[in-house]
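What follows is the residue order along each chain.
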Amino acid sequence: MADQAYVTLATNDNYAKGAMVLGRSLRNHNTTKQLVVLIGPHVAEPCRAMLSSIYDEVCVVDILDSGDTAHLALMKRPDLGVTFTKLHCWTLTHYTKCVFMDADTLVLSNIDELFEREELSAAPDPGWPDCFNSGVFVFKPSNETYRSLMTHCTENGSFDGGDQGVLNSFFNTWSTADISKHLPFIYNLSSTAIYTYLPAFKQYGHEAKVVHFLGKVKPWSYSYDTQTGKVKGHTLTPGSGDLHPDFLVQWWNLYSSGVLPALR
Ligand code: UDP
Ligand code: MN
């Protein structure tokens, strides 16, 4: 469907690597939707070229330069730079419905059924399940919603300093109003949450459709031995913030086979 799209964001070359792997994973699972990546002005040319080969649309969003509501709002809230950039996805009004996915997510099977959901659908955050995690969400582009979000953001800031805080206070009936807007956890499985409830992961983990490498350590923070196919620097100490080794290896396999050869 040409009027529905997956959207992600990369403001720098590291997150661009994430976006490349995410895009490849969506293609590998035969999505019928358009793929859009929003990039910052600092993303380098080789990364842009690579993104253009995977995504249908690569949009440079320079909110400092745009002279619109986001620009004005950002002048008042310089702390919320990346957050404002993410909210920019609501301006993609040539699509009627979109699914936003963080650049640190990886798709494990086709998830096009998400487009049957309404705005704002998202999965619970593992740290505070009455809040949704903003790494995967269904939304409807609209300039009006965008302006309201900007105003909300400028006036109230973000209780966690990022987009998740803004979005949860804006869409504040998510946890109570409509259960169909609660995406199952398998659409946004935080790789760090696995160790907090290992029996549940053992029971349901094989159903996971999207893994989210949430937190400070990202797949691209590690290095990878192309000879052995092993991720280096992984200690596998529960609670150390380590990512789940199977998912980490899947990310790196895709990066080294589907992205690296073309980047060189
Ligand atoms: N992001 C970005 N540049 C940054 C930080 C974040 O492009 O410097 C984008 C990227 O799409 C990322 C999303 O914003 O996936 C949310 O940030 P992150 O995934 O690091 O947060 P977490 O999921 O760990 O809370
Ligand atoms: Mn993330």
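The coordinates are above.
This is a predicted model, so every value here is computed, not measured.

Asker: Could you give me a rundown of helix H2 (residues 45-54), with the residues and numbers involved?
Answerer: Restricting attention to buried positions, one finds in H2 the residues Cys47, Met50, Leu51 and Ile54. Buried residues in H2, looked at end-on, bunch into an arc of 100 degrees, giving them a common side. Exposed residues on H2 whose side chains face more than 90 degrees from its buried face are Glu45 and Ser53. Turning to H2, the residues buried within the fold contact helix H1 (13-28), strand S2 (34-39), strand S3 (57-60) and helix H8 (245-263).

Asker: Describe the sheet that holds strand S4 (residues 97-101), and please don't skip the residues or the numbers.
Answerer: Spatial strand order, S3-S2-S1-S4-S7-S6: six strands in an open sheet with mixed pairing. Of all strands in the sheet, those bounded by a partner on one side alone are S3 and strand S6 (121-125). Averaged over all pairs of adjacent strands, the angle between strand axes in this sheet comes to 35 degrees, irrespective of strand direction. Examined bridge by bridge, strand S1 (residues 4-10) and S4 share four bridges and lie parallel to one another. Each residue of the ladder has a partner; that of Gln4, found in S4, is Lys97.

Asker: Could you give an account of the pattern of salt bridges, with specific residues and numbers?
Answerer: Overall, the coordinates contain seven salt bridges when judged by the stated rule. Close ionic contact of Arg77 with Asp79 constitutes a salt bridge, the shortest N to O distance being 2.9 Å. Take Arg77: its relative accessible area is 22%, and that puts it in the partly exposed class. A cluster of three or more residues bridged by salt bridges with shared partners is formed by Lys86, Asp102 and Asp163.

Asker: Which residues make up unusual backbone geometry, and what values do they have?
Answerer: Between Glu119 and Leu120 the backbone carries a cis peptide bond, its omega angle lying at -15 degrees. Checked against the element boundaries, Leu120 lands in the loop between strand S5 (105-107) and S6. Not every positive phi belongs to a glycine, and Asn30 is a case in point at roughly 55 degrees. Relative to the assigned elements, Asn30 resides in the loop between H1 and S2.

Asker: Give me the lowdown on the nonpolar core, citing residues and values where you can.
Answerer: Counting 52 residues, the largest nonpolar core has Met101 and Ile111 as the members making the most contacts within it. Per element, the largest residue contribution to this core is eight residues, and it comes from H8. Looking at which domains feed residues into this core, each of domain 1 (4-186) and domain 2 (189-263) gives three or more. Those residues in contact with Met101 that lie beyond four places of it in its chain are Tyr6, Val7, Thr8, Leu9, Leu22, Leu26, Val107, Ile111, Gly135, Val136 and Val210. Counting 33 residues, the second-largest nonpolar core is a separate cluster that includes Tyr146, Val166, Leu167 and Phe171.

Asker: I'd like a rundown of the environment of Asn110, residues and numbers included.
Answerer: If you trace the backbone, Asn110 turns up in the loop between S5 and S6. Sequence separation between Asn110 and Ala177 is 67 residues, and the spatial gap between their C-alpha atoms is 28 Å. In contact with Asn110, not counting residues within four places along its chain, are His29, Asn30, Thr31 and Lys209. Reaching out from Asn110, the side chain makes a polar contact with the backbone oxygen of His29 at a distance of 2.8 Å.

Parameters and conventions
- Residue positions are given per chain, counted from 1 along the sequence in the order it is written.
- As a convention, the first chain written is A and the first ligand written is 1, with the rest following in written order.
- Per-residue local features of the predicted model are confined to residues with pLDDT of at least 70, and side-chain atom pairs are confined, for both listing and counting, to 80 or more; whole-chain, interface and lining totals are unaffected and use all residues.
- Just so you know, side-chain values use all the structure's heavy atoms and leave hydrogens and water out.
- Relative accessibility decides the category of a residue: with a 1.4 Å probe and only protein chains considered, values under 20% of the type maximum give buried, values over 50% give exposed, and everything between is partly exposed.
- In this text, helices come from DSSP runs of H or I with a minimum length of four residues, and strands from runs of E with a minimum of two, each type numbered from the N-terminal end.
- Throughout, the arc means that of the directions going from the helix axis to the C-beta atoms.
- In this analysis, two residues are considered to be in contact whenever any of their non-hydrogen atoms come within 4.5 Å of each other.
- Strand pairing is assigned whenever DSSP identifies at least 2 bridges connecting the two strands.
- Only the stretch in contact is used when a helix axis is fitted, and all axes are lines through C-alpha atoms; the angle between N-to-C directions ranges over 0 to 180 degrees.
- Salt bridges are counted wherever a side-chain nitrogen of Lys or Arg sits within 4 Å of a carboxyl oxygen of Asp or Glu.
- The nonpolar core is taken to be a set of buried Ala, Val, Leu, Ile, Met, Phe, Trp, Tyr and Cys residues, with the residues joined through side-chain atoms within 4.5 Å.
- As annotated, the domain borders come from an automatic or database domain assignment.
- Polar contacts, as used here, are pairs of N or O atoms within 3.5 Å; protein pairs need one atom able to donate a hydrogen and one able to accept it. Residues neighboring in sequence count only if both atoms are side-chain atoms.

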